[in-house]
Amino acid sequence: MSNSNRSLHNAAGFPNLLTIKLHHKGRFTRFSDRAYVEGDYNFIDLLDEDKFSMHELDCSLDKFGLPSDIERYYHFLVPGENLDFGLRALGSDVDVLDFS
């Protein structure tokens, strides 16, 4: 996941609803000046931050037609950080609490 443009923000007037810019089908380049390349992205709108979970993230990827039979790895970018130092693993619902 990336922090460019609308990566993660609250919907106007609805402080508990989030939009996520989800990058997929790409790869990270090596450190330093890391980038995410050769991928696509989709927006996931109106996520309730109090109910957001890894299961909901998996279901979103399924809706985009991404294969569910491969191992998936999730990361998020800490707002204001770069991909070299602000990338965090997102592997459990405990991690989701830090993310949202």
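Look up a bit, the structure's there.
For the structure given in this document, a descriptive report is provided here. Keep in mind it's a predicted model, so treat the numbers as computed, not measured.

Considerations on the pattern of salt bridges
And then number 1: Under the counting rule described, the total for this entry stands at 3 salt bridges.
And then number 2: In this structure, Glu38 and Arg27 form a salt bridge, with 3.3 Å as the shortest nitrogen-oxygen distance. Separated by 11 residues along the polypeptide, Glu38 in the loop between strand E4 (36–37) and strand E5 (40–48) and Arg27 in strand E3 (residues 27–28) bring together distant segments of the chain.
And then number 3: Assessed through its relative accessible area of 62%, Glu38 is described here as exposed.
And then number 4: Assessed through its relative accessible area of 41%, Arg27 is described here as partly exposed.
And then number 5: Arg72 serves as the salt-bridge partner of Asp58, at 3.3 Å between the closest nitrogen and oxygen. Within this pair, whereas Asp58 is found in helix H1 (residues 54–63), its partner Arg72 is found in the loop between H1 and strand E6 (75–77), the two being separated by 14 residues in sequence.
And then number 6: Connected through salt bridges with shared partners, the residues Asp58, Asp62 and Arg72 form a single ionic network.

Some details on the packing of aromatic side chains
And then number 1: Evaluated as defined, the whole model comprises 3 aromatic pairs.
And then number 2: Ring centres of Phe28 and Tyr36 lie 5.1 Å apart, and the angle between their planes is 70°; on these two criteria the pair is classed as edge-to-face.
And then number 3: With relative accessibility at 29%, the residue Phe28 sits in the partly exposed group.
And then number 4: Geometrically, the ring pair formed by Tyr41 and Phe43 is edge-to-face, given 5.7 Å between the ring centres and 80° between the ring planes.
And then number 5: When the ring centre of Tyr41 is taken as origin, the NZ or CZ atom of Lys21, which lies over that ring, is 4.3 Å away.

Thresholds applied
Residues numbered from 1 in each chain as written. Predicted model: local features only at pLDDT ≥ 70, side-chain atom pairs only at ≥ 80, totals over all residues. Heavy atoms only, no water. Salt bridge = Lys/Arg side-chain N within 4 Å of Asp/Glu carboxyl O. Helix = DSSP H or I, 4+ residues; strand = E, 2+ residues; numbered from the N terminus. Buried < 20%, exposed > 50% of the residue type's maximum accessible area, 1.4 Å probe, protein only. Phe/Tyr/Trp six-rings, centres within 6.5 Å; stacked < 30°, edge-to-face > 60°. Lys NZ or Arg CZ within 6 Å of the ring centre and 35° of its normal.

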